[in-house]
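Listed below, chain by chain, are the residues.
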Amino acid sequence: MNRSNLRTLLSLFIVVGIVAIYAVLIDKPEEKPDTDNEPLTQLSEITALNTTPSTTTTTATTIPAKPVNISMDDALFIGDSRTVGIKEYAGINDADFFCTVGLSIYNIHKNPVDVSGVGKVSFTQLISNKKYGKIYITLGINDLGYDTEKTMTKYREFIDLIKNNQPNAYIFIQSNLHVTQKRSDSDEVVNNAAINRFNAALSEFADGKTIFYFDSTGLYDDANGNLSTDKTGDDAHLYAKYYSEWGHWMITQTALLLNK
Amino acid sequence: MVFSSLQFILIFMPLLFGAYYLLPAKFRDSVLFAGSLCFYFVGTVHNPEHFILFVISIVLDLYIAVAIEKFQNRKKLFLAIGVLFHLLCLATCKYSGFLFGEINKIAPSLDLALDIVLPIGISFYTFQGISYIADVYRGTIKAEKSLLKYGVYISMFEQLIAGPIVTYRQVRKELYRRKLTIVKLIKGIEIFVFGLGLKVLLANPLGKLWSQVGAIGYESISTPLAWLAIIAYTFQIYFDFFGYSLMAIGLGKMLGFKLPKNFDHPYTSKTMTEFWRRWHITLGSWFREYVYIPLGGNRNGTKATVRNLFVVWLLTGIWHGAGYNFILWGFVLFLILVLEKFYIGKFLDSKPLAGHIYMIFLIPITWAVFAIDDIGQLGIFFSRLFPIFGQGFWSDFRYDYLKYLKDYLPFFIVGLLFSTKLPYKLLKKIENRIIIWVLLLAVLIASIYCMCRGLDDPFLYFRF
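Structural notes, computed from the coordinates. (Residues numbered from 1 in each chain as written. Chains lettered and ligands numbered in written order. Predicted model: local features only at pLDDT ≥ 70, side-chain atom pairs only at ≥ 80, totals over all residues. Heavy atoms only, no water.)

### As for the overall build of chain A
No. 1: Counting its regular elements, chain A contains 8 helices and 8 strands.
No. 2: Every one of the 260 residues in chain A was classed for burial, and the buried ones make up 48%.
No. 3: Taking the contacts inside chain A whose residues are at least 6 apart along the sequence as the reference set, 70% of them involve residues at least 24 apart. (Helix = DSSP H or I, 4+ residues; strand = E, 2+ residues; numbered from the N terminus. Buried < 20%, exposed > 50% of the residue type's maximum accessible area, 1.4 Å probe, protein only. Contact = heavy atoms within 4.5 Å.)

### Observations regarding the overall build of chain B
No. 1: Tallying secondary structure elements over chain B gives 19 helices and 0 strands in all.
No. 2: For a compact globule of 464 residues, the expected C-alpha radius of gyration is about 23 Å, and chain B comes in at 23 Å, within 12% of that figure.
No. 3: Considered along the principal axes of its C-alpha atoms, chain B spans approximately 65 × 55 × 55 Å.
No. 4: The buried share among the 464 residues of chain B stands at 55%.
No. 5: Partitioning the contacts of chain B with sequence separation of at least 6, the portion at a separation of at least 24 is 76%.
No. 6: If the 46 positive side-chain charges of chain B are averaged to one point and the 27 negative ones to another, these points end up 11 Å apart. (Rg over C-alpha atoms; globule rule 2.2 N^0.38 Å. Lys, Arg positive; Asp, Glu negative; His and termini not counted. Charge placed at Lys NZ, Arg CZ, Asp CG, Glu CD.)

### Things to note about the packing of helix α6 (residues 147–155) of chain B against helix α8 (residues 168–176) of chain B
Residues and elements named next belong to chain B.
No. 1: In contact at an axis separation of 11 Å, α6 and α8 are set at 125 degrees when each is read in the N-to-C sense. Between α6 and α8, the angle is such that the two are oblique. Classified by chirality, the crossing of α8 by α6 is right-handed. For the pair α6 and α8, contact is made by Lys149, Val152 and Tyr153 and by Tyr168, Val171, Leu175 and Tyr176, respectively.
No. 2: Partitioned by chemical class, the residues of the contact of α6 with α8 number 6 nonpolar, no polar and 1 charged. (Axes fitted to C-alpha atoms, helices over the stretch in contact; angles between N-to-C directions. Parallel < 35°, antiparallel > 145°, perpendicular 65-115°, else oblique. Left-handed = near helix turned anticlockwise from the far one by under 90°. Nonpolar A, V, L, I, M, F, W, Y, C, P; charged D, E, K, R; others polar.)

### Some points on the pattern of salt bridges
All names here are of chain B.
No. 1: Using the criterion set out here, one finds 24 salt bridges over all chains in the structure.
No. 2: Measuring nitrogen to oxygen at the nearest pair gives 2.9 Å for the salt bridge that ties Glu274 to Arg278. With Glu274 and Arg278 both in helix α11 (residues 272–278), this residue pair falls 4 residues apart, about one helical turn. For the pair formed by Glu274 and Arg278, the shared burial category is buried. (Salt bridge = Lys/Arg side-chain N within 4 Å of Asp/Glu carboxyl O.)

### Remarks on the interface of chain B and chain A
No. 1: Counting residues at the interface gives 29 residues for chain B and 23 residues for chain A.
No. 2: Overall, the association of chain B and chain A removes approximately 2100 Å² of surface from exposure, summing both partners, and the carbon and sulfur fraction of that is 66%.
No. 3: Where chain B packs against chain A, one counts 2 salt bridges.
No. 4: As a salt-bridge pair, A:Glu88 and B:Lys403 come within 2.6 Å of each other at their nearest N and O atoms.
No. 5: Summed over the shared surface of chain B and chain A, the number is 7 residue pairs in polar contact (both at pLDDT 80 or more).
No. 6: Looking at the side of chain B that touches chain A, the elements with two or more residues in it are α2 (28–43), α3 (48–70), α6, α9 (182–216) and α17 (400–419) of chain B.
No. 7: Looking at the side of chain B that touches chain A, the element that brings in the most residues is α3(B), giving 8 residues.
No. 8: By residue class, the composition of the side of chain B that touches chain A is 16 nonpolar, 7 polar and 6 charged. (Buried area = accessible area lost by both parts, 1.4 Å probe. Polar contact = N/O pair within 3.5 Å; in protein donor to acceptor, adjacent residues only side chain to side chain.)

### Side note on a nonpolar patch on the surface
Residues and elements named next belong to chain B.
No. 1: A surface patch of nonpolar side chains, about 450 Å² in accessible area, is lined by Ile182, Val183, Ile186, Ile189 and Trp437.
No. 2: Among the elements that make up the nonpolar patch, the one with the highest residue count is α9 (4 residues).
No. 3: Considering the arrangement of structural elements, one finds Ile182 in helix α9. (Patch = residues over 30% accessible without salt bridge, like charges linked within 9 Å, V, L, I, M, F, W, Y side chains within 5 Å. Areas by Shrake-Rupley, 256 points an atom, 1.4 Å probe, with all protein chains shown as cover.)

### Re the packing of aromatic side chains
Given two aromatic rings, their pairing is described by the distance between the two centres and the angle made by the two planes.
No. 1: Counting across every chain of the model gives 87 aromatic pairs over all chains.
No. 2: Here the aromatic rings of A:Tyr136 and A:Phe172 are separated by 4.8 Å at their centres, their planes lie at 25 degrees, and the arrangement is stacked. Residue A:Tyr136 is found in strand β6 (residues 134–138), and its partner A:Phe172 is found in strand β7 (residues 170–174); the two are separated by 36 residues along the sequence.
No. 3: Ring geometry for B:Phe310 and B:Phe334: centres 5.2 Å apart, planes at 80 degrees, overall edge-to-face. Of the two residues, B:Phe310 sits in helix α13 (residues 301–320) while B:Phe334 sits in helix α14 (residues 324–350), which places them 24 residues apart along the sequence. (Phe/Tyr/Trp six-rings, centres within 6.5 Å; stacked < 30°, edge-to-face > 60°.)

### Remarks on the pairing of β7(A)
Residues and elements named next belong to chain A.
No. 1: Here β7 lies mainly inside the structure; 4 of its 5 residues are buried.
No. 2: By the bridge criterion, 4 bridges tie β6 to β7 in an arrangement that is parallel. Across the sheet, residue Ile135 finds its bridge partner in β7, namely Ile171.
No. 3: Handedness of the β-α-β unit built from β6, helix α5 (residues 148–165) and β7 comes out right-handed. (Pairing = 2+ DSSP bridges. Right-handed = clockwise from strand over helix to strand, strands pointing away.)

### Overview of the packing of helix α5 (residues 122–138) of chain B against α6(B)
Residue and element names in this part refer to chain B.
No. 1: The N-to-C vectors of α5 and α6 enclose an angle of 135 degrees; their axes lie 10 Å apart at closest approach. What the angle tells us is that α5 and α6 run oblique. Two secondary-structure elements touch here, α5 through Tyr125, Gln128, Gly129, Ser131 and Tyr132 and α6 through Tyr150, Tyr153 and Ile154.
No. 2: A class-by-class count of the residues in the contact of α5 with α6 yields 5 nonpolar, 3 polar and no charged.

### Focus: the side chain of B:Lys149
No. 1: For B:Lys149, the position within the fold is in helix α6.
No. 2: Apart from the residues lying within four places of it in its own chain, the contact partners of B:Lys149 are B:Asp29, B:Glu144, B:Leu175 and B:Tyr176.

### Some thoughts on the pairing of strand β2 (residues 75–79) of chain A
Residue and element names in this part refer to chain A.
No. 1: For β2, the tally of buried residues reaches 5 of 5 residues, placing the bulk of the element in the interior.
No. 2: Taking every second residue as pointing to the same face, both faces of β2 are buried, with Ala75, Phe77 and Gly79 on one and Leu76 and Ile78 on the other.
No. 3: Here β2 pairs with β6 via 5 bridges, running parallel. Bridge pairing in β6 places Ile78 opposite Ile137.

### Considering unusual backbone geometry
Glycine aside, the phi torsion of most residues is negative, and most peptide linkages are trans.
Residue and element names in this part refer to chain B.
No. 1: The amide bond that connects Gly163 to the next residue, Pro164, takes the cis arrangement and shows omega of 0 degrees.
No. 2: Within the secondary structure, Pro164 is located in the loop between α7 (157–160) and α8.
No. 3: Its identity as a non-glycine residue notwithstanding, His280 has a phi of 40 degrees, on the positive side.
No. 4: In this structure, His280 sits in the loop between α11 and α12 (281–292).
No. 5: With relative accessibility at 0%, the residue His280 sits in the buried group.

### Notes on the nonpolar core
No. 1: Core analysis: the largest hydrophobic core is formed by 180 residues, its most contacted members being B:Phe8 and B:Phe157.
No. 2: Broken down by element, this core gets its largest block of residues, 21 residues, from helix α10 (residues 223–255) of chain B.
No. 3: If we skip the residues at most four places from it in the chain, B:Phe157 touches B:Phe3, B:Phe8, B:Phe12, B:Leu16, B:Phe17, B:Leu32, B:Ser36, B:Phe39, B:Leu251 and B:Leu255.
No. 4: Core analysis: the next-biggest nonpolar cluster, separate from the first, contains 38 residues, A:Ile78, A:Leu126, A:Ala194 and A:Leu202 among them. (Core = buried A, V, L, I, M, F, W, Y, C linked by side-chain atoms within 4.5 Å.)

So this is what it looks like as structure tokens:
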């Protein structure tokens with residue numbers, strides 16, 4: 001073996017040795033016990049609340065076999081990409097939809113949105129010019145990175161704005177669906193622990209009179225409380241075929257609550 | 001570390017090229033080898049065993065080749081050891097996870113599911129290693145005596161993780177004598193930036209449409225949207241891989257190497273046979289030289305030719321990934337190529353219009369088989385492409401395709417344009433004018449802006 005090769009080989013040997021030591025020392029990303037996903041006290045209370053019939057909160061249990069017939073022509077859906085999914089695939093054609101991908105409580109007043117049958121309007125313009133009987137809000141997944149307390153203040157202001165402009169409307173605050181375990185484990189912001197915390201805070205807005213909390217969080221979950229992988233193609237959004245079910249679930253819950 | 005990342009462009013490139021150009025020429029090989037190993041280490045940082053495997057394969061290749069040359073009477077044995085080593089590593093890393101997963105489905109009680117992470121670039125450096133050993137065995141090249149030179153050849157970062165598959169023969173001269181000139185450096189930067197633009201500004205956005213359609217679910221898309229999606233994927237895979245290859249060639253030029261061309265306007269082909277002469281050229285050449293011809297090529301009659309083509313295309317299919325769809329994809333290509341070779345190829349070659357129409361239709365269809373790894377989902381997707389087999393033309397969201405067409409139309413137009421030869425001819429005309437620098441600067445700024453916004457994503461070919 002010539003001297004140059006010996007030198008290269010020796011260098012490689014040292015490099016490999018260092019890498020081997022590194023390999024032994026590094027913490028391989030392991031399946032850590034998901035303590036973050038432990039239900040919070042707050043959430044446990046909600047779960048407990050839901051075991052008895054509630055007038056403030058409805059919890060996802062089963063998907064209705066048949067949609068209940070209830071008029072949705074006085075309904076307004078407000079939300080992010082998941083509400084866009086409802087708009088496009090749920091077949092609730094009579095309702096209005098104020099929704100865009102990425103919509104959050106922080107940017108809802110920023111840009112006008114094209115509302116079918118109404119035109120391009122800001123949120124304030126929409127609710128000050130048209131009267132609604134039912135207003136569904138599905139926001140939050142895009143707000144997870146912000147300070148929760150600040151977000152909830154914004155949320156409160158948002159609900160107050162709606163109430164001031166639509167005193168006769170029922171407001172249904174919808175929980176945020178989970179993401180898959182893969183997404184949850186790899187995302188420091190958008191994970192199921194944060195979603196649970198956020199939903200728990202949202203549920204506090206329900207007053208059982210005109211504001212209700214729809215807890216559909218577990219509707220499409222797997223046994224471990226994560227969004228089921230066979231129901232999503234991107235770990236966060238439902239396949240389009242499930243939006244119809246989800247929409248019908250909301251309509252059914254609305255009918256049940258209003259009949260009460 | 002991908003080429004289209006800020007980490008690569010703003011940290012790795014200045015450091016490596018700074019050392020490469022500023023240090024005395026005698027250190028260039030060492031700088032390049034060390035830099036390439038660093039590059040590979042960053043990519044394998046969570047799986048350092050992959051790095052060790054890579055170094056072992058470099059050292060083994062060198063000494064196997066030396067042994068082949070030295071012990072002529074036992075050269076077959078050494079060839080077998082070298083090739084088997086590479087194939088075993090490739091098979092274990094790439095296919096055992098899939099294989100055990102399938103066994104697990106049949107017999108879950110065996111609990112054989114394995115989660116094996118594929119070492120980056122193994123499909124590429126394995127093929128380079130095999131080509132080197134085989135060439136020494138055949139006597140077409142002399143065995144490299146310097147570990148440093150051989151290490152540089154295999155590990156050169158610009159081609160290490162996604163090709164082009166460079167043979168030792170192609171770069172031997174430059175391994176020993178390469179000239180660095182300012183002209184080459186500038187040309188290299190130009191090619192790199194152009195490739196970066198194709199990847200970041202064209203392939204990535206179009207790839208987003210394909211992902212969006214996957215998130216909707218194939219059963220819920222209209223037929224026009226299914227076609228839009230597969231055309232988007234057709235452009236994405238081309239500009240992704242073509243862009244990457246250009247970046248590699250550009251970086252090679254900056255280092256003083258002339259890497260082989262990997263694409264030659266494949267979407268302008270009139271037949272699938274021609275397409276595969278123009279698409280991933282270095283892979284096609286590798287299979288021709290190290291599989292098809294050693295098997296006898298087309299010299300032993302029709303039956304043997306068909307058999308050889310079958311072997312080559314089956315291997316091409318599974319080289320691209322472990323999954324039934326890759327086997328099916330290879331088989332479909334085999335059928336098309338046989339059909340062309342013996343029946344319709346001459347006709348299509350002589351009638352360009354018919355050839356182009358045939359390929360415009362066939363290219364996206366074959367990419368659909370390639371892209372969708374779940375056979376059930378593939379069936380659903382085809383029922384949307386061809387609604388005659390399925391639930392009709394439209395989806396619940398009646399004008400879904402208009403929504404996406406509105407968002408993506410400019411990218412489709414640019415994609416179509418850059419699939420033809422026209423823009424390249426125009427660029428050639430202005431290559432020495434200042435305007436090219438203005439254009440490329442704009443492309444660079446736009447690409448870096450997209451990278452900062454997190455709009456870059458890994459290359460499709462990294463999983464192979």
